[in-house]
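Fold and contact review
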Amino acid sequence: MHRLHAPSQAACSGRHCIKTVPSPSHVQCRAVEPAAAEAAKVDPFAPENKVTYNDSPLDKIFMKLFTQKIADQLDPGTFHVPSNIQYEDFVQVSKEIFRGRSTQEQHALVRRVLLSLVPPGIPAACKALFRPTRWAAEVNAAVASWGFFWLVGDSELRSQGVEVAPGVLREQASVVHIKKCRYLEASGCVGLCVNMCKVPTQSFFTNDFGMPLTMNPNFEDLSCEMVFGQAPPPLEQDAVYTQSCFVPHCSLADRIEACPKTDSERAKALVKAPRQQQVPAGPPAAVGAGSSSSSRSGSSRSGNSSS
C-alpha cells in the first residue's frame, strides 16, 4: 500500500539473535548474559528506527477531521488547523489539551471529540442492541485495525485468549496488535499516550458503546494491544501509571520515578482502595480450544528510552 516501515529485526524465541555476516539472511542465535541483553535493547526513538509514513489523501482527510474536532473543543484561537495538514499538527493540537486541565478534564474533552465523530444516538443504540459477544468483539477489532492506520500505524489482528469475565478466557480474534504506535513515537510522551489515547479510548468503547476494551501499550518497543471484549483494569490497579518518562525525551525523566502526567487523581484512588492484601485468584478457566491469557499491562520500562 502506501506504507514504508523501518527494517524488521530477526527474532529467535527465548534467545537473542546476533548477525555474524553482512548478509541479513544468515543469523546465529546464542544465549547472552542479562547485562548483554540489556545493552542489546533497541532504542525505538533512534533515527535509524523511525518509521516513515506516506499518508494518502484519505489519511489526510481523517487527520484533518480529527484535528479540527479537537481544535473545536479548545478555546477559540488556540489552534489553527492548516489546510495542508501534517501528522505533526495533530500531535501538536493534542498537546494543547494538556494545558491547564486535570487528567479527568483531559479524558472528558477527548470523549467529547470521539462522540463528535459519530452520529448522535449511535453509541447508545449499539450499547442497547449489541451485546459484547465474540462476533461483536471481532468485528470491532477488524474495523479498528483498518480505520486507525493513519493514527497509530500498521497493525494486525490476532487470535488469543481474552478475559471476557473475571476468571474466564475465551479464544477470539479480537486483539489488534499495533506494531509500533505512530502517536507514541511522534509524541514521545507517556502522559499523552495514557490520557489522549489509552484511558479515553477504553472508556469510550466500554462505557459509551458497551464494548469492553483494554489497551496495553508497551513502552519498550512502542507497540500496543487493543483487546476488544476485555474490560480495562481499575485505575488503582493499572500498572501503566508506574511507567517512568522517556529518556532523553522528557526533562522530568531523571528526577522522578513515574510520569506525573499520567493521572493526577490516581493518588486519591489508591487512598480509597482497600488496604487489606488481596488474596490472589486462581488461574482463569479457559473457554474454547487453545486459550491463552491476554496481558493486562505492556507498560514495562524501556531500556534506552525510559529510566
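Residues numbered from 1 in each chain as written. Predicted model: local features only at pLDDT ≥ 70, side-chain atom pairs only at ≥ 80, totals over all residues. Heavy atoms only, no water.

This next bit is on the pairing of strand β7 (residues 213-217). With respect to burial, β7 is a largely interior element, 5 of its 5 residues being buried. Of the two faces of β7, the one carrying L213, M215 and P217 and the one carrying T214 and N216 are both buried. Here 5 bridges tie β7 to strand β8 (residues 224-228), and the two strands are oriented antiparallel to one another. What sits directly across from P217, in β8, is C224. The loop that links β7 with its antiparallel partner β8 comprises 6 residues; one of these, L222, has a positive phi angle of about 70°. (Buried < 20%, exposed > 50% of the residue type's maximum accessible area, 1.4 Å probe, protein only. Helix = DSSP H or I, 4+ residues; strand = E, 2+ residues; numbered from the N terminus. Pairing = 2+ DSSP bridges.)

For the rest of this paragraph, the subject is the confidence of the model for the protein chain. For the protein chain, the mean per-residue pLDDT works out to 79, and 68% of the residues sit at or above 70. Confidence over residues 1-32 falls short of pLDDT 50; this stretch has 41 contacts with residues more than four positions distant or in other chains. Confidence drops under a pLDDT of 50 for residues 289-307, and excluding neighbours within four residues, the segment shows 79 contacts in the predicted structure. (pLDDT = per-residue confidence, 0-100. Contact = heavy atoms within 4.5 Å.)

Now for the nonpolar core. Within the largest apolar cluster, 55 residues are counted, with the highest numbers of intra-cluster contacts made by Y87, F90, Y183 and F228. Looking at this core element by element, the count peaks at 9 residues for helix α9 (residues 190-208). Excluding its chain neighbours within four sequence positions, the residues that come into contact with Y87 are M63, W150, L151, R182, Y183 and A186. (Core = buried A, V, L, I, M, F, W, Y, C linked by side-chain atoms within 4.5 Å.)

The full count for this structure, using the stated rule, is 12 aromatic pairs. Ring centres 5.4 Å apart and planes at 75° place the aromatic pair F90 and W150 in the edge-to-face group. Of this pair, F90 sits in helix α3 (residues 87-96) while W150 sits in helix α7 (residues 149-152), and the two are 60 residues apart along the sequence. Taking the relative accessible area as the measure of exposure, W150 reaches 5% and is therefore buried. Centre to centre, the rings of F205 and F228 are 5.4 Å apart; their planes meet at 85°, and the pair counts as edge-to-face. Separated by 23 residues along the polypeptide, F205 in helix α9 and F228 in strand β8 bring together distant segments of the chain. (Phe/Tyr/Trp six-rings, centres within 6.5 Å; stacked < 30°, edge-to-face > 60°.)

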